[in-house]
Amino acid sequence: MKIHGKVLIAGGGIGGLTLARAAARAGFTCQVFEREAEVRPVGAGILVQTAAMLALKRLALDARVAAAGTEVRVGFGKTDRGAVLQRSAMDFLAVEFGVPTIAIHRARLHAVLLDGARDAGAVVHGGKKLEHFEETPDGVRAHFADGSSAEGALLVGADGLRSVVRRAVMGETPLRYAGYTSYRGIAEGSLVPEHEVTEAWGKGARFGFARVGPSEVYWFAVVNALEGGRDEHPLDTVVRRFSGWAEPVPGLLAATKPERVLKTDIHDREPVSGSTRGPVTLLGDAAHPTTPNLGQGGCMAIEDAVALTECLAVADTLPAALADYEARRFEPTKRLVEASFRFGKMAQLENGAAIWVRNLLVRATPARIVEKQLRRSVIASGFAPPVRA
Ligand SMILES: Cc1cc2nc3c(=O)[nH]c(=O)nc-3n(C[C@H](O)[C@H](O)[C@H](O)COP(=O)(O)OP(=O)(O)OC[C@H]3O[C@@H](n4cnc5c(N)ncnc54)[C@H](O)[C@@H]3O)c2cc1C
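Residues numbered from 1 in each chain as written. Predicted model: local features only at pLDDT ≥ 70, side-chain atom pairs only at ≥ 80, totals over all residues. Heavy atoms only, no water.

Asker: Account for the pairing of strand E2 (residues 29–33), with residues named and values stated.
Answerer: Across the five residues that make up E2, a large majority, four, are buried. Strand direction decides the pairing type here: strand E1 (residues 6–10) and E2, joined by five bridges, are parallel. Each residue of the ladder has a partner; that of Leu 8, found in E2, is Gln 31. Note that the unit made of E1, helix H1 (residues 14–25) and E2 has a crossover that is right-handed. In terms of strand pairing, E2 meets strand E8 (residues 123–125) through three bridges, oriented parallel. Opposite Val 32, over in E8, you have Val 124 as the bridge partner. (Buried < 20%, exposed > 50% of the residue type's maximum accessible area, 1.4 Å probe, protein only. Helix = DSSP H or I, 4+ residues; strand = E, 2+ residues; numbered from the N terminus. Pairing = 2+ DSSP bridges. Right-handed = clockwise from strand over helix to strand, strands pointing away.)

Rendered as structure tokens:
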């Protein structure tokens, strides 16, 4: 390894903790600075898909994530009345690429990543809100809201959608409101079959769910809405909005504790290159925030972290490593951000005739086409094992 010095990571979310493990295992001294006093997850469940599982395999974390979640083997697209529009196998990916797709409670994913970072020797600090940074002769100095500072060779902004590091590196690039808001929760009970993920589509609204444990179901609801709407009783809102939907939707909502429901307006940013300046770079939502429609935001953060470490480990200089990192990650992340945005527009249609045509097309799409797209996206990530000639 030709690059030396401390790696400073702003943000102890999915991407920051993955990077901490990856970089520490590669021999870097690594420190994570998380603004919350305790490094804790926000959210309910998450899907960790094939490319991210392949990236985690390089960190010896795939089995730990798999053990803490539930394998997803098939995906269903349905109407709000419960009619099947599409059934796509996902287990063939496990056979072809050697890792399962996992649905997992976010708290458990976070715990695995946090333990993984600490096991590898990274130090994770809570209560350290990054305020600004400046370049120094040897690298970069980061300044925190509590008045402390830290110096390193590299600063990585893994500080999420409203990243402070991004603003300093890339300037103001506006958030794009997708036109819909999301609600997420955990229902208690084994109310739906294991190993399936389902998304049902209605008029300007969607509802998805998957088991994340023996007696826990992660669900999400997405509804067209104006930006910034306040909601004191989010579960009541979801119950009202989805009252006419086929089971298990009402059953899942009835089995959910109100305090466990989270409302989040959905934003992304149009992909632009240039996420590195001097000894500072970005990953995950800080670099390329995406709509959650393809379940890829956290997955891309994991993939970024592993790719960045691999670039640092082989390059002769830090600028060369960061240039390689951006070259490796820009196109695959851009493609997914754009595809996810388009998918959201289609899934949130409100016009009856347009919905009829969409459903017809989805029904008519052969499963092998969907499978081909899934396979392609794993290969495009760069994490698929090389195919033997
Ligand atoms: C409804 C919904 C469903 C989703 N489903 C999926 C899914 O199934 N699969 C998937 O892969 N992705 C999913 N995502 C996306 C995923 O949640 C994000 O893309 C992912 O969390 C991004 O990880 P990150 O590490 O970049 O940022 P985050 O997880 O947001 O972490 C950023 C961290 O930085 C900290 N921070 C912020 N500012 C500062 C600062 N100034 N100083 C220090 N620390 C700071 C924050 O407290 C936080 O801990 C979903 C998102 C939504 C909204």
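From this point, the discussion proceeds with the structure in view.
Asker: Describe the packing of aromatic side chains, listing the residues and the values that go with them.
Answerer: On inspection of all chains with the given rule, the structure shows seven aromatic pairs. Here Trp 201 and Phe 343 contribute two aromatic rings whose centre-to-centre distance is 5.7 Å and whose plane-to-plane angle is 70°, an arrangement assigned as edge-to-face. One end of the pair, Trp 201, is in strand E14 (residues 196–201); the other, Phe 343, is in helix H10 (residues 318–347), and 142 residues separate them in sequence. Relative accessible area serves as the criterion here: at 24%, Phe 343 is assigned to the partly exposed category. With a centroid separation of 5.9 Å and an interplanar angle of 40°, the aromatic rings of Tyr 218 and Phe 220 are classed as tilted. Accessibility classification places Tyr 218 together with Phe 220 in one group, the buried group. (Phe/Tyr/Trp six-rings, centres within 6.5 Å; stacked < 30°, edge-to-face > 60°.)

Asker: Describe helix H11 (residues 352–364), with residues and values.
Answerer: With 13 residues, H11 extends 18 Å from end C-alpha to end C-alpha; this agrees with the ideal 18 Å at 1.5 Å per step. All of the buried residues in H11 are Ile 355, Arg 358, Asn 359 and Val 362. Buried residues of H11, seen end-on, are gathered within an arc of 100° and therefore sit on one face of the element. Opposite the buried face of H11, at more than 90 degrees from it, the exposed residues are Ala 353, Trp 356, Leu 361 and Ala 364. Of the surrounding elements, those touching the buried residues of H11 are strand E5 (74–79), strand E6 (84–89), E14 and H10. Here H11 starts with a cap whose side-chain oxygen sits 3.0 Å from the backbone nitrogen of Ala 353, and that cap is Asn 351. (Expected span 1.5 Å × (residues − 1). Arc of directions from axis to C-beta. Contact = heavy atoms within 4.5 Å. Polar contact = N/O pair within 3.5 Å; in protein donor to acceptor, adjacent residues only side chain to side chain.)

Asker: Give a detailed account of the site of the ligand, specifying residues and quantitative values.
Answerer: Taken together, 32 residues sit near the ligand, with Gly 15, Glu 34, Arg 106, Asp 285 and Cys 299 positioned nearest. For the ligand, an oxygen atom lies 2.4 Å from a polar atom in the side chain of Arg 106. A distance of 3.4 Å is found between a nitrogen atom of the ligand and a backbone nitrogen or oxygen belonging to Gly 297. Within the complex, 88% of the 1000 Å² of free accessible area of the ligand lies under protein. The set of elements that each furnish at least two residues to the shell around the ligand consists of H1, strand E3 (45–48), strand E13 (176–188) and helix H9 (297–314). With four residues, H9 is the largest single contributor of residues to the shell around the ligand. (Near = heavy atom within 4 Å. Areas by Shrake-Rupley, 256 points an atom, 1.4 Å probe, with all protein chains shown as cover.)

Asker: I'd love a proper account of a nonpolar patch on the surface, names of residues and values included.
Answerer: A cluster of nonpolar side chains, namely Trp 356, Val 357, Leu 360 and Leu 361, defines an oily patch on the protein surface of about 440 Å² accessible area. Looking at the element boundaries, Val 357 is found in helix H11. Overall, the relative accessible area of 41% leaves Val 357 in the partly exposed class. (Patch = residues over 30% accessible without salt bridge, like charges linked within 9 Å, V, L, I, M, F, W, Y side chains within 5 Å. Salt bridge = Lys/Arg side-chain N within 4 Å of Asp/Glu carboxyl O.)

Asker: Just give me the short version of the packing of H9 against H10, but keep the residues and values in it.
Answerer: The geometry of H9 relative to H10 is characterised by a closest axis approach of 8 Å and an angle of 155° between their N-to-C directions. Viewed along their axes, H9 and H10 adopt a mutual orientation that is roughly antiparallel. Crossing hand, H9 versus H10: right-handed. Contacts from Met 300, Glu 303, Asp 304, Ala 307, Leu 308, Glu 310, Cys 311 and Leu 312 in H9 reach Leu 318, Ala 321, Leu 322, Asp 324, Tyr 325, Arg 328, Arg 329, Thr 333, Leu 336 and Val 337 in H10. Residue composition of the contact of H9 with H10, grouped by class: 11 nonpolar, one polar and six charged. (Axes fitted to C-alpha atoms, helices over the stretch in contact; angles between N-to-C directions. Parallel < 35°, antiparallel > 145°, perpendicular 65-115°, else oblique. Left-handed = near helix turned anticlockwise from the far one by under 90°. Nonpolar A, V, L, I, M, F, W, Y, C, P; charged D, E, K, R; others polar.)

Asker: How would you summarise the pattern of salt bridges if you had to cite specific residues and measurements?
Answerer: What the rule picks out here adds up to 22 salt bridges. Across the pair Glu 310 and Arg 58 runs a salt bridge whose closest N-O atoms are separated by 3.0 Å. Placement of Glu 310 in helix H9 and of Arg 58 in helix H2 (residues 50–58) is noted, with a sequence separation of 252 residues between them. For Arg 58, a relative accessible area of 36% translates into the label partly exposed.

Asker: Help me get a handle on the environment of Lys 345, residues and values and all.
Answerer: Turning to its location among the elements, Lys 345 is positioned in helix H10. With 165 residues separating them along the chain, Lys 345 and Tyr 180 place their C-alpha atoms 9.5 Å apart.

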